[in-house]
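So the chains spell out like this:
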Amino acid sequence: MATNGGIIGKSNKASFGKCVVTTKTATTTFTLQSGTRQIQALLVGGGGSGGTVIGGGGGGGGYRCVTDIQLATNSVAIVVGGGGSGSGYNAAPDNGDDTSVTGLCGAVTSAGGGGGATASFASGAYADGGSGGGGSYNWAGNGVGNTPPVSPPQGNPGGQGENGPNYAGGGGGGAGAAGATGTGSSGGNGGAGSSASPLSGTTYAGGGGGSGSINDNQVGGCGGSGGGGLGQRNTPGVAATNGATNTGGGGGGRTNNPGAAPGTNGGSGIAVVKELNRASGVWSMQSQFSAKSQG
């Protein structure tokens, strides 16, 4: 059809974002440049909590780089997921919260990481999520990553815990690799995070390390690159650590010493948005005039 000025062809809504990249570390409604109608986004969900009682490491938050998010206006709603909460000694695993961007066709979401297992929690073991939580010593299995499933995958599974005689927690899964299984010598290492997105060279969404055994000479697993927390060791005393803030890293697993200690927290997520310069087909005269006016 003919559009403004007699140009023939399909009129397409252009985006004049000048390739500006902005990082958001908290939930907000973000006003973009006036001509932006398409964005690309890196979304990292909050990391899962670490388990207690020879607990598994928390899974890293989901890691997604999504292209061609269409916008109706130059305003976009961003939700940055919080990390899972390390609650009481006998509490269930706690997943991190989702991170999302809402465009013209609805929300695009990266899932929170799965919480690590707690051996004394009787009703469940570990949690699925963006990346899966690690298992503890008396539960077979491990948390499944890429839950809910997307393509390409947003994360990896956690590692299994090891039952007696030398108990250990499994590492949480990371965006770049699965968590390692706990062994007779140490808790499993958290899976490595990822820096695959072209929007940021920073590594995000590492899994938390699994707890060492009640045996004093067993070390806790290392946190995965990308903010994963360290698993606990009793002697010499090395405390479990939280996932790093705004990385989506999973929390490290705790031993049963001290017995009343809560689990660790997962790290909050992050969103990185790039405002695109893009148009396909024929631009209307109105779009060309707008672009020229904005330089």
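Relevant structure appears above.
Residues numbered from 1 in each chain as written. Predicted model: local features only at pLDDT ≥ 70, side-chain atom pairs only at ≥ 80, totals over all residues. Heavy atoms only, no water.

Trainee: Looking at this structure, how should I read the overall build of the chain?
Mentor: Each helix and strand counted, the chain has one helix and ten strands in total. Along its sequence from the N terminus, the chain presents helices and strands in the succession β-β-β-β-β-β-β-β-β-β-α. Scored against the burial criterion, the 295 residues of the chain give a buried share of 53%. Intrachain contacts of the chain at a sequence separation of at least 6 include 57% that bridge at least 24 residues. (Helix = DSSP H or I, 4+ residues; strand = E, 2+ residues; numbered from the N terminus. Buried < 20%, exposed > 50% of the residue type's maximum accessible area, 1.4 Å probe, protein only. Contact = heavy atoms within 4.5 Å.)

Trainee: How do you make sense of the sheet that holds strand β4 (residues 38-44) when you look at a structure like this?
Mentor: The pairing of strands in a sheet comes from backbone hydrogen bonds and takes either a parallel or an antiparallel form. Taken in spatial order, the four strands line up as β2-β9-β4-β5 in an open sheet, and their pairing is antiparallel. The open sheet terminates on both sides in strands that have one partner only, identified here as β2 (21-24) and β5 (63-70). Going across the sheet, the axis of each strand differs from the next one's by a mean of 20°, ignoring polarity. (Pairing = 2+ DSSP bridges. Axes fitted to C-alpha atoms, helices over the stretch in contact; angles between N-to-C directions.)

Trainee: Any chance you could explain the sheet that holds strand β3 (residues 28-31) here in plain terms?
Mentor: If you walk across this open sheet you meet the four strands as β3-β6-β7-β8, and the pairing is antiparallel. For this open sheet the edge positions go to β3 and β8 (106-110), each flanked by a neighbour on one side alone. Here the strands of the sheet are splayed against their neighbours by 25° on average, with no regard to which way each runs. Relative to β8, strand β7 (residues 99-103) runs antiparallel, the two sharing five bridges. Across the sheet, the residue bridging to threonine 99 is serine 110, located in β8.

Trainee: In this structure, what is going on with empty space enclosed by the protein? I would like to understand it.
Mentor: Where empty space is left in the structure can be found by rolling a water-sized probe over the atoms. Enumeration according to the criterion identifies one cavity of 30 Å³ or more in this entry. A class-by-class count of the residues in the lining of the largest cavity yields three nonpolar, eleven polar and one charged. (1 Å grid on protein atoms, 1.4 Å probe; cavity = no way out; pocket = protein on both sides within 12 Å on 5 of 7 lines; lining within 4 Å. Points joined across faces, edges and corners; volume = space filled by probe spheres on them. Nonpolar A, V, L, I, M, F, W, Y, C, P; charged D, E, K, R; others polar.)

Trainee: Which parts of the structure should I look at to understand the layout of surface pockets?
Mentor: Estimates place the volume of the second largest pocket at around 180 Å³. Taken together, Tyr63, Arg64, Cys65, Val66, Ser151, Pro152, Pro153, Ala175, Ser194 and Ala196 form the lining of the second largest pocket. In terms of residue class, the lining of the second largest pocket is built from seven nonpolar, two polar and one charged.

Trainee: What's the story with the pairing of strand β6 (residues 75-79) in this structure? I'm lost.
Mentor: Each regular strand carries side chains that alternate between the two faces of the sheet. On β6, burial follows the alternation: Val76 and Ile78 on one face are buried, whereas Ser75, Ala77 and Val79 on the facing-out side are not. Strand direction decides the pairing type here: β3 and β6, joined by four bridges, are antiparallel. Bridge pairing links threonine 28 to isoleucine 78 in β6. Pairing geometry for β6 and β7, over three bridges, is antiparallel. Bridge pairing links valine 79 to serine 100 in β7.

Trainee: For this particular structure, what's the right way to read the side chain of glutamate 275?
Mentor: Summarising the element assignment, glutamate 275 is placed in strand β9 (residues 270-275). Notably, glutamate 275 is buried but unbridged: the nearest opposite-charge side chain belongs to arginine 37, and the N-O separation is 8.3 Å. Side-chain polar atoms of glutamate 275 contact the side chain of threonine 36, separated by 2.6 Å. (Lys, Arg positive; Asp, Glu negative; His and termini not counted. Salt bridge = Lys/Arg side-chain N within 4 Å of Asp/Glu carboxyl O. Polar contact = N/O pair within 3.5 Å; in protein donor to acceptor, adjacent residues only side chain to side chain.)

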